[in-house]
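Breakdown of the fold
One-letter residues, chain by chain:
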Amino acid sequence: MARIKNRDIEVTAGKPIYGGKTLSEYEGKKVMLERALPGEKVIAFIKKKKKGYLEASAKEILERSPHRTESDCKYYPTCGGCKLRDVEYDYQAWIKEEVVKDCVERIGKVTDYEFLPLVKAENSSNYRNKMEFTFSEERYYMTKDEPFDEDHFSLGFHAPKFYSKVIDVEYCYHQPELLNDIYKSIREILKSSGLEPYNIMQHTGFLRYLVMRITTENKVMINLVTKSKELDLIGSVADQLIEKHPEIISFMNTINKGLSSTAYGEETILIRGQEVIMDHIGEYKFEISSNSFFQVNPGQTEKLYDKIIEFAELKGDENVLDLYCGVGTISLYINKIAKSITGFELVEAAVINAQKNADLNGITNCKFVSGDLMQLAKDGKIFKEKFDLIITDPPRDGMHPKVVQSIIDSKVPKIVYVSCNPSTFARDVQLFEIGGYKLEKVQPVDMFPHTYHVETVGVLVKI
Ligand SMILES: C[S@@+](CC[C@H](N)C(=O)[O-])C[C@H]1O[C@@H](n2cnc3c(N)ncnc32)[C@H](O)[C@@H]1O
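Remember, it's a predicted structure, so these values are computed and weren't measured experimentally. In every chain, residue numbers begin from 1 and rise along the written sequence. Restriction of local features to residues with pLDDT of at least 70 applies here, the model being predicted, together with a cutoff of 80 or more for giving and counting side-chain atom pairs; totals for whole chains, interfaces and linings are based on all residues. With hydrogens and water excluded, all non-hydrogen atoms of the structure serve as input to the side-chain values.

Observations concerning the pairing of strand 8 (residues 130-136)
A large share of strand 8 lies buried, amounting to 6 of its 7 residues. Pairing between strands is defined by DSSP: at least two bridges between the two strands are required. Strands are runs of DSSP state E lasting at least 2 residues, helices are runs of H or I lasting at least 4, and numbering of each runs from the N terminus. The sheet contact formed by strand 8 and strand 11 (residues 207-214) spans 5 bridges and is antiparallel. What sits directly across from Lys130, in strand 11, is Arg213. Pairing geometry for strand 8 and strand 9 (residues 154-158), over 3 bridges, is antiparallel. Note that in strand 9 the partner of Thr134 across the bridge is Gly156. A simple rule labels every residue: compare its accessible area, found with a 1.4 Å probe on the protein chains alone, to the largest value its type can have, and call it buried under 20%, exposed over 50%, or partly exposed in between.

Topic: the domain arrangement of the chain
Domain annotation of the chain identifies domain 1 (1-66), domain 2 (93-123 + 297-462) and domain 3 (130-275). On a C-alpha basis, the centroid separation for the pair domain 1 and domain 3 is 37 Å. Residue ranges labeled as domains rest on an automatic or database domain assignment.

Here we look at the site of the ligand
The nearness test applies per residue and asks whether one of its heavy atoms lies within 4 Å of the molecule or strand. Every one of the 17 residues lining the ligand counts as a neighbour, but Tyr305, Glu345, Asp372, Leu373 and Asp393 are closest to it. In protein, a polar contact requires one atom able to donate a hydrogen and another able to accept it; more generally it is a pair of N or O atoms within 3.5 Å, and residues adjacent in sequence count only if both atoms are side-chain atoms. In the model, an oxygen atom of the ligand is placed 2.7 Å from a nitrogen or oxygen of the Tyr305 side chain. Within the side chain of Asp372, an N or O atom sits 2.8 Å from a nitrogen atom of the ligand. Surface exposure here means Shrake-Rupley accessible area, sampled with a 1.4 Å probe, where a residue is shielded only by the protein chains that are shown. Taking 600 Å² as the accessible area of the ligand by itself, protein coverage stands at 87%.

Comments concerning the packing of aromatic side chains
Note on aromatic contacts: the rings of Phe and Tyr and the six-membered ring of Trp form a pair at centre separations within 6.5 Å, being stacked when their planes are under 30 degrees apart, edge-to-face when over 60 apart, and tilted otherwise. On inspection of all chains with the given rule, the structure shows 13 aromatic pairs. Ring geometry for Tyr91 versus Trp94: centroids 5.2 Å apart, planes at 20°, classification stacked. Of this pair, Tyr91 and Trp94 both sit in helix 1 (residues 89-107), 3 residues apart, roughly one helical turn. Their ring planes at 75° and their centres at 6.0 Å tell us that Phe135 and Phe153 sit as a pair that is edge-to-face. Taken as a pair, Phe135 in strand 8 and Phe153 in the loop between strand 8 and strand 9 lie far apart in primary sequence, 18 residues in all. Exposure remark for Phe135: the relative accessible area of 2% places this residue in the buried category. Taking NZ or CZ as reference, Lys101 lies 5.1 Å from the ring centre of Phe115, over its face. Two conditions define a charge sitting above a ring: the NZ of Lys or the CZ of Arg must be within 6 Å of the ring centre, and it must be within 35 degrees of the ring normal. Over the ring of Tyr198 we find Arg208; its NZ or CZ atom is 3.9 Å from the centre of that ring.

Have a look at this one:
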């Protein structure tokens, strides 16, 4: 084949695969194609040549899918937050189902299992209860006509492939209207304050990230992440904002002096209001601090957790292990149908939150342990007791093989595996199958409309 990288090709998009891509073919080579829907004929640019396949991105659609619609967002698709915003919602649901099936069957090598249709979301916009925006001194211009930013102030999302540039976003469809209103005010206040946005290349400036959380009762927590400690300045910003938006009941300031590009830092200081906010899932209340993990789509979380309950089929006398338990939400949600629940979690603050949450709800049959599961698995510290069921909800990378092996060695009769990444889910499922478990059923749940992300619940039983 002639030199193929950095070339344009005409290709028809095939079946959907994980990562918002389709699997296509060009001159006998597999093509992982971005930005095309199944069946669309496109001109695509070949970005990379890998062993056995090409990576390409559609730049012009020659034959358009009937499922493509118009996007309502002016930042789409550049901002990267949505990958399917111009696709009919029912078709998005079909894509996600196909992707989960493909992962289970191609990566997991399992074909004999029950596949249940995706649990769709009621709201495909304004559903996120947590948003994170980045400040930058360097704006990413989406078009040539965009006026030059005299203020050197950008707040929004990182432009894909540009380490230092940020798309200046005024409105985001992912967040509820109240957060959009508050976001607008905070932009105005900060822009006119003269406080300098961060420059990631030179490590200069002050404003780094803005993190906003909203509860189901419309109470808001703001966390402004800055490079240094300027409590009076932040206090004045907080006062102006709270005066305009009394729904803000917590204003925090995280200091990140380091080079790491994260909204976490060395210190998180309470500026105004309270240090934690309360939310609920079903009948249970949860205390959430600015850095704790909490599911981002509250409407869908309940549906997800109800699926866990349905699949767990507990009678009430079982001892349950809840791995990667975060602030204990799953443990507490299932407390009435189990004898005991033990949660394991890496982040110590989350474990403290989890125990507090149990106390808050008057729940006495849950206990929480902090530690790195990989280390605990190595030391045999998870399985000192016998468990009847393991619920596992690892981060995107899935479970470390040593953790999978220690679960297999424990001979637990049933595992409910909750995953936000069907490809690592499928990889781990294959290990469980080799280790003597059978994948019985798989249920995708849509927690993230307009993105390619999908939550999956699987049930594995010991043969
Ligand atoms: C997807 S979240 C699940 C949280 C929780 N189950 C829920 O539904 O809210 C994954 C959790 O795993 C934790 N985690 C990541 N790596 C870990 C490790 N090596 N050992 C223990 N916990 C870990 C993270 O801190 C996070 O809280």
